[in-house]
Amino acid sequence: MKLQDVGTAGLRARMRDGGVTLRLSPFTVRVRSDIPHLADDVAAMYRDFDLADDDAFVDFHVAVLRSPHWLSRLQGRAEFWFDGQRSFTPLPAAQALAMLEWGINWCIAAHAHQYLLIHAAVLERGGRALVMPAPPGSGKSTLCAALAHRGWRLLSDELGLLDMGTGLVHGMARPINLKNASIPLIRAFAPDAHFSASMPNTSKGTVALVRPPQDAIEQRLVSARPAWVVLPAWRADAAAQLMPIERARAFMDLAEQSFNYDVHGQAGFQALGRLVAASDCYRFEYSRLDEAVAHFETLAEASS
């Protein structure tokens, strides 16, 4: 059963009562909330994702609930809960969808140590993975959203899941998180994209989510083998430039952007070494999305 088959009223009831169990492969997440508009947002962003049976094994039990404390409740605040424990500072209930997405990211980053977890956008073309590790403010998500709507299959906007045994990268094809000026930029660049409502005044500014393209959702179980590591950097008025870098530099950026590199020790070091050895490594500066997409089109064609 798909999430959309439940219907809006049914989803609100299920999230309020026992929760709804989403297959965000390779993870299963049960989501509970007493905030009606969050159910509507989840329905819009995850409509084509599968539901698991109520008795299925669940990796993460999460909830976004109205704060029980009288002052926070008066201020219209909500709390993120994980395994029955409040996990973060309350936020305005209007930011519930962002809180849910950030909370799920945290659950995976803090607990899914069967993978080497990299803060990176990951896209696929012809069975090969493009891995773009980058800190916030680099333009990573903007570039990811643009490529995902121009022929590259989205695996992940935030979390690259590297299988250290096979060397393959897995993704969940979850919504892309855009901030501030990136929101109208991608609206204009990809007018057919499906956006959530914008959520202003978050800790990251104004945030909106973009639903993954249909092909990414349908193929979200298909992994890819790393072929390119690209370090993106948005620069105002900069001409698009794709510049080769040493693999050692790419390795250091991947390690720095890994959530659990230190947990894996030698195994993590070797896994990242294999990823970098198998990839062409670049730094990419850009300001205009059309130019950026053209450079990545050339990159894919040159390696085919």
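Quantities reported herein were computed from a predicted structural model and do not represent experimental measurements.

S.K.: How should unusual backbone geometry be read in this particular structure?
M.R.: Glycine aside, a negative phi is what most residues show, and trans is what most peptide bonds show. Cis geometry marks the peptide bond from Ser25 to Pro26, where omega comes out at 15°. Locating Pro26 in the fold gives a position in the loop between β1 (20–24) and β2 (27–33). If you check the backbone angles, Asn180 has positive phi at about 50° while not being a glycine. Topologically, Asn180 is positioned in the loop between β12 (176–179) and α6 (182–189). Given the relative accessible area of 40%, Asn180 is considered partly exposed. With a phi close to 65°, Asp237 is a non-glycine residue in the positive phi region. With respect to the secondary-structure elements, Asp237 resides in the loop between β15 (225–234) and β16 (241–244).

S.K.: What should I look at first to understand the packing of helix α8 (residues 247–256) against helix α10 (residues 266–277) in this one?
M.R.: A packed helix pair is summarised by two numbers, namely the angle formed by the two axes and the spacing between the axes. In contact at an axis separation of 10 Å, α8 and α10 are set at 135° when each is read in the N-to-C sense. Between α8 and α10, the crossing angle belongs to the class labelled oblique. Remark: the crossing between α8 and α10 carries right-handed chirality. Of α10, the residues touching α8 (which contributes Arg247, Ala250, Phe251, Leu254 and Ala255) are Phe269, Leu272, Gly273, Leu275, Val276 and Ala277. Tallied by class, the residues present in the contact of α8 with α10 amount to nine nonpolar, one polar and one charged.

S.K.: Help me understand the environment of Ala98, please; the structure alone is not making it clear to me.
M.R.: Position of Ala98 relative to the elements: it lies in helix α4 (residues 96–111). In this structure the C-alpha to C-alpha distance between Ala98 and Ser198, which are 100 residues apart in sequence, comes to 9.8 Å.

S.K.: Help me understand the sheet that holds strand β14 (residues 205–210), please; the structure alone is not making it clear to me.
M.R.: Within a sheet, each strand pairs with its neighbour through backbone hydrogen bonds, oriented either parallel or antiparallel. In space, the three strands of this open sheet follow the order β12-β14-β13, with antiparallel pairing throughout. Looking at the sheet topology across the chains shown, the edges are occupied by β12 and β13 (199–202). With strand direction ignored, the average angle separating the axes of adjacent strands in the sheet is 35°. With two bridges joining them, β13 and β14 adopt antiparallel strand pairing. Counted as the bridge partner of Met199 is Val207 from β14.

S.K.: Could you clarify how one ought to interpret the side chain of Ser138 in this entry?
M.R.: Inspection of the secondary structure assignment puts Ser138 in the loop between β8 (128–133) and α5 (140–148). From its side chain, Ser138 meets the backbone nitrogen of Lys140 in a polar contact 3.4 Å long. The contact partners of Ser138, leaving out residues within four places of it in the chain, are Pro232, Ala233 and Trp234.

S.K.: What is the right way to look at the packing of aromatic side chains in this model?
M.R.: Any two aromatic rings considered together are summarised by their centre-to-centre distance and by the angle between their planes. Per the stated rule, a full pass over the model turns up 13 aromatic pairs. Taking the centre distance of 5.8 Å and the plane angle of 50° together, the rings of Phe27 and Phe60 count as tilted. A residue pair is termed long-range when its members are at least 10 positions apart, and Phe27 in strand β2 and Phe60 in strand β3 (residues 60–66) qualify at 33 residues. On the accessibility criterion, Phe60 (6% relative accessible area) is buried. Aromatic side chains Trp152 and Phe296 sit 6.4 Å apart centroid to centroid with 90° between the ring planes, which places their arrangement in the edge-to-face category.

S.K.: It is not clear to me how the pattern of salt bridges should be interpreted in this structure. Could you clarify?
M.R.: Note that side chains of opposite charge can pair when their charged atoms are close. Within the structure shown, the criterion is met by 15 salt bridges. A salt bridge links Arg16 to Asp17; the nearest nitrogen and oxygen atoms lie 3.4 Å apart. A salt bridge links Arg283 to Glu285, with the shortest nitrogen-to-oxygen separation between them at 3.5 Å. Taken together, the shared-partner salt bridges connect Lys2, Asp50 and Arg220 into one network.

S.K.: Looking at this structure, I do not really get helix α2 (residues 36–45). What am I missing?
M.R.: Where α2 is concerned, the buried positions are Leu38, Ala39, Val42 and Met45. Down the axis of α2, the smallest arc covering the buried residues is 135°, so these residues share one side. Of the surrounding elements, those touching the buried residues of α2 are α1 (8–16), β1, β2, β3, α4 and β14.

Conventions used here
- The residue count restarts for each chain, going from 1 along the sequence in the order it is written.
- Restriction of local features to residues with pLDDT of at least 70 applies here, the model being predicted, together with a cutoff of 80 or more for giving and counting side-chain atom pairs; totals for whole chains, interfaces and linings are based on all residues.
- To obtain the side-chain values, all non-hydrogen atoms of the structure were included, while hydrogens and water were left out.
- Every helix listed is a DSSP run of H or I at least four residues long, and every strand listed is a run of E at least two residues long, numbered separately from the N terminus.
- We call a residue buried when its accessible area falls under 20% of the maximum for its residue type, exposed when it is over 50%, and partly exposed in between, using a 1.4 Å probe and counting protein chains only.
- Axis geometry follows a simple rule: fit a line to the C-alpha atoms, using only the stretch in contact for helices, then measure angles between N-to-C directions, giving values from 0 to 180 degrees.
- Oblique is the label for any angle not under 35 degrees, not over 145, and not in the 65 to 115 range, which are roughly parallel, roughly antiparallel and roughly perpendicular in turn.
- What makes a crossing left-handed is the near helix being turned counterclockwise from the far one by less than a right angle; a clockwise turn instead makes it right-handed.
- Pairs of residues are marked as contacts when any of their non-hydrogen atoms sit within 4.5 Å.
- For this classification, Asp, Glu, Lys and Arg are treated as charged, while Ala, Val, Leu, Ile, Met, Phe, Trp, Tyr, Cys and Pro are nonpolar and the rest, including Gly, are polar.
- When DSSP finds two or more bridges between a pair of strands, those strands are recorded as paired.
- Whenever two N or O atoms come within 3.5 Å, that pair is a polar contact, provided that in protein one can donate a hydrogen and the other can accept it, and provided that, for residues adjacent in sequence, both atoms are side-chain atoms.
- In summary, the pairing rule links any two rings of Phe, Tyr or Trp, Trp by its six-membered ring, whose centres are within 6.5 Å, and it sorts them by plane angle into stacked for under 30 degrees, edge-to-face for over 60 and tilted for everything else.
- Here, a salt bridge means any Lys or Arg side-chain nitrogen found within 4 Å of an Asp or Glu carboxyl oxygen.
- This arc is built from the directions going out from the helix axis to the C-beta atoms.

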